[in-house]
Amino acid sequence: MPVSPDDGRNKVGVALWAIQVLLALVYLFSGVTKLVLPLAMLKGPVPLPGWFLRFIGGCEVLGAVGLILPGLLGIRPGLTPLAAAGLVIIMIGATTLSLIGGLGAVALITVVLGLLAASVAYGRWRIAPLAPRR
């Protein structure tokens, strides 16, 4: 059976969708937690202002939505790599704060999440961009 040149791109697209759904679930949970829980329960090893924690929570929720909805609806699909890039920036900060606070295992998790978000950003920007609906 002949192999079409789009087969590789389709496999990458499916893998990117799987990563996007996984990341969206993680960031939706994390963001909603930061928005809903009392600030006293959100204390970490490095003290951060409450408004900043709420802001990061809102950014995580918006990033989760940005990973899924543009591709699902076909409206402004170029927002997906931007949402993923924004989540990479958040993970750089989370990794830095985890290392400063002496939480090496947490820093490893944030690095992995950041790398997954970076792969979505690059993949949706260059390798398998989402097509807008016509």
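The numbering scheme is per chain: residues are counted from 1 as the chain's sequence reads. Totals for whole chains, interfaces and linings use all residues, but because this is a predicted model, local features are given only for residues with pLDDT of at least 70 and pairs of side-chain atoms are given and counted only at 80 or more. The basis for every side-chain value is the complete set of heavy atoms in the structure, and neither hydrogens nor water enter the calculation.

1. Overview of the overall build of the protein chain
Cut-off, in case you're wondering: Counting from the N terminus, the helices are DSSP H or I runs at least four residues long and the strands are E runs at least two residues long. The buried label goes to any residue with under 20% of its type's maximum accessible area, the exposed label to any with over 50%, and the partly exposed label to all in between, with areas taken from a 1.4 Å probe on protein chains only.
In terms of regular secondary structure, the protein chain is built from four helices and zero strands. For the protein chain, the α and β elements follow one another from N to C terminus as α-α-α-α. Out of the 134 residues belonging to the protein chain, those deemed buried represent 34%.

2. Overview of the packing of helix α3 (residues 79-100) against helix α4 (residues 104-127)
What counts is decided by this rule: Structural elements are reduced to axes, namely lines fitted to C-alpha atoms, with helices fitted over the stretch in contact, and the angle between N-to-C directions of any two is expressed from 0 to 180 degrees. For classification, angles of less than 35 degrees are called roughly parallel, those exceeding 145 degrees roughly antiparallel, those between 65 and 115 degrees roughly perpendicular, and all remaining angles oblique. In this scheme, a crossing is called left-handed if the near helix is turned counterclockwise away from the far one by less than a right angle; it is called right-handed if the turn is clockwise. It only takes one pair of heavy atoms within 4.5 Å for two residues to be counted as in contact. Three classes are used, and their members are as follows: Ala, Val, Leu, Ile, Met, Phe, Trp, Tyr, Cys and Pro are nonpolar, Asp, Glu, Lys and Arg are charged, and the others, Gly among them, are polar.
Two numbers describe how α3 lies on α4: the axes approach to 8 Å, and their chain directions differ by 160 degrees. Looking at the two axes, α3 sits roughly antiparallel to α4. Taken as a pair, α3 and α4 cross one another with a handedness that is left-handed. Listed contacts from α4 to T80, P81, A84, A85, L87, V88, M91, A94, T95, S98 and L99 of α3 are V106, A107, T110, V111, L113, G114, A117, A118, V120, A121, R124 and W125. Split by residue class, the contact of α3 with α4 holds 17 nonpolar, five polar and one charged.

3. Quick word on a nonpolar patch on the surface
For the record, the criterion: Without a salt bridge and with relative accessible area above 30%, a residue can belong to a patch; like charges are then joined within 9 Å and nonpolar side chains (Val, Leu, Ile, Met, Phe, Trp, Tyr) within 5 Å. To be clear on the numbers: accessible area is Shrake-Rupley with a 1.4 Å probe, and residue cover counts the displayed protein chains and nothing else. The salt bridge definition used is simple: a Lys or Arg side-chain nitrogen within 4 Å of an Asp or Glu carboxyl oxygen.
Taken together, V65, L69, L72, L73 and I75 make up a surface patch of nonpolar side chains, about 430 Å² in accessible area. Take V65: it is sitting in helix α2 (residues 50-73). When its relative accessible area of 35% is taken as the criterion, V65 is described as partly exposed.

4. Digging into α2
An α-helical segment advances 3.6 residues per turn. Residues three or four places apart therefore align on the same side. What counts is decided by this rule: What a helix should span is 1.5 Å times the count of its residues minus one. Two axes define the bend at a residue: one fitted to the seven residues ending there, one fitted to the seven starting there, and the bend is the angle between them.
Between its terminal C-alpha atoms α2 stretches 34 Å, which fits the 34 Å expected from 24 residues at 1.5 Å a residue. The sharpest bend along α2 measures roughly 30 degrees and falls at G66, with the proline P70 sitting one to four residues further on. For α2, the complete set of buried residues consists of L53, I56, G57, E60, V61, G63, A64, G66, L67, I68, P70 and G71. Remark: G74 follows α2 within two positions and exhibits a positive phi of approximately 75 degrees.

5. Looking at the packing of α2 against α3
In contact at an axis separation of 8 Å, α2 and α3 are set at 150 degrees when each is read in the N-to-C sense. Taken together, the axes of α2 and α3 lie roughly antiparallel to each other. When the axes of α2 and α3 are compared, the crossing they make is left-handed. In this structure, α2 uses I56, C59, E60, G63, G66, L67, P70 and G71 to contact α3, whose residues at the interface are L79, T80, A83, A84, L87, I90 and M91. Looking at the contact of α2 with α3 residue by residue, the class counts come to 10 nonpolar, four polar and one charged.

6. A few points about unusual backbone geometry
We note that R76 has phi near 55 degrees; this positive angle belongs to a residue other than glycine. Turning to its location among the elements, R76 is positioned in the loop between α2 and α3. When its relative accessible area of 63% is taken as the criterion, R76 is described as exposed.

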